Amino acid sequence: MYEEILGMYGHKGQREAKWLEPIPGGFDAPGGACLVGEDDGVALCVGGLRDLGDGVCEIKRMYVVPEARGNGVARLLLAALEHVARDMGYARVRLDTGPDQPHARRLYERSGYVEIPDYNGNAWAAFWGEKEL
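Residues numbered from 1 in each chain as written. Predicted model: local features only at pLDDT ≥ 70, side-chain atom pairs only at ≥ 80, totals over all residues. Heavy atoms only, no water.

What is the right way to read the overall build of the protein from this model?
Across its full length, the protein carries three helices and six strands. Taken from N to C terminus, the helices and strands of the protein fall in the order α-β-β-β-α-β-α-β-β. Looking at the 133 residues of the protein, the share that counts as buried comes to 41%. When contacts within the protein are restricted to residue pairs at least 6 apart in sequence, long-range pairs at least 24 apart make up 55% of them. Within the structure as shown, the protein displays about 7,600 Å² of accessible surface, and the carbon and sulfur contribution to it stands at 51%. (Helix = DSSP H or I, 4+ residues; strand = E, 2+ residues; numbered from the N terminus. Buried < 20%, exposed > 50% of the residue type's maximum accessible area, 1.4 Å probe, protein only. Contact = heavy atoms within 4.5 Å. Areas by Shrake-Rupley, 256 points an atom, 1.4 Å probe, with all protein chains shown as cover.)

Structure follows, in C-alpha cells:
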C-alpha cells in the first residue's frame, strides 16, 4: 500500500511522506478498529476507523490489493467499516482521498458520501467526504 501511494504522490514535491507517519491514536479500541478482509487466509483488503470526537469517526488506510480490484471488494470493505462504525455508536463517518485516486472518490460518492470542507489538513487529499450513519 505504501509503495503504491508513494508511486502516485511522491512526485508531487513532498520531500517526506506524511502519509507514512503513524496516525496519532491509531485504530486503538475503544474508539478505533482495523478490519482485514481475507480469502482462504490471504489478505485482500484493509481499512481502519479512528475517533474524531463528537460522534464522528474517520476511515483511514482503506486499501485493496491490486489482484482483488474490480470485484466489489472495496465496496464490501467500505460497507463493513460503516457497519462497525455504526455498531460502535458513531453517527457520522468522514474520509478523504487524493487527486490521483478518482476511482476511490467515485466509490465514496456512489456510497452516499457528500463533499465537505477540509477537516483534517491532509495536504495530499483533494476530496473530503462525510456520511450520516
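Before we go on, may I ask you to explain the pattern of salt bridges in this structure?
Two side chains of opposite charge can pair, provided their charged atoms sit close to one another. For the structure shown, the criterion picks out seven salt bridges. With a closest N to O distance of 3.6 Å, K60 and D96 form a salt bridge. Here the residue K60 occupies a position in strand β3 (residues 56-64), and D96 occupies one in strand β4 (residues 92-97), the gap between them amounting to 36 residues. With respect to class, K60 is no different from D96; both count as buried. With its nearest N and O atoms 3.2 Å apart, the salt bridge here joins E130 to R92. A residue pair is termed long-range when its members are at least 10 positions apart, and E130 in strand β6 (residues 127-132) and R92 in strand β4 qualify at 38 residues. A relative accessible area of 12% means that E130 is categorised as buried. Take R92: its relative accessible area is 22%, and that puts it in the partly exposed class. (Salt bridge = Lys/Arg side-chain N within 4 Å of Asp/Glu carboxyl O.)

In this structure, what is going on with unusual backbone geometry? I would like to understand it.
With the exception of glycine, most residues fall at negative phi, and the peptide bonds are largely trans. Looking along the chain, the bond that leaves A29 and enters P30 is cis, with omega of 10°. When you line up the elements, P30 lands in the loop between α1 (2-9) and β1 (33-39). With a phi angle near 50°, D40 is a residue other than glycine that sits in the positive phi range. Counting through the fold element by element, D40 comes out in the loop between β1 and β2 (42-53). Of note, the phi angle at R61 is positive, near 60°, even though the residue is not glycine. For R61, the position within the fold is in strand β3. Its relative accessible area of 14% is what places R61 among the buried residues.

So what exactly am I meant to see when it comes to the packing of aromatic side chains here?
This model, assessed by the stated rule, comprises one aromatic pair. Lying across the ring of Y119, R94 places its NZ or CZ 5.3 Å from the centre. (Phe/Tyr/Trp six-rings, centres within 6.5 Å; stacked < 30°, edge-to-face > 60°. Lys NZ or Arg CZ within 6 Å of the ring centre and 35° of its normal.)

Would you mind showing me how to read the nonpolar core here?
Here is a general trend for soluble globular proteins: nonpolar side chains tend to be buried in one another's company. Counting 23 residues, the largest nonpolar core has L49, I59, M62, L78, L95, Y108 and Y113 as its most contacted members. Counting residues per element, the ones that place at least two in this core are β2, β3, α2 (73-87), β4 and α3 (102-110). Leave out the neighbours within four places in its chain, and L49 touches G26, F27, G31, G32, A33, C57, E58, I59, L81, V84, A85 and M88. (Core = buried A, V, L, I, M, F, W, Y, C linked by side-chain atoms within 4.5 Å.)

Function-wise, these values are silent; they only describe arrangement.
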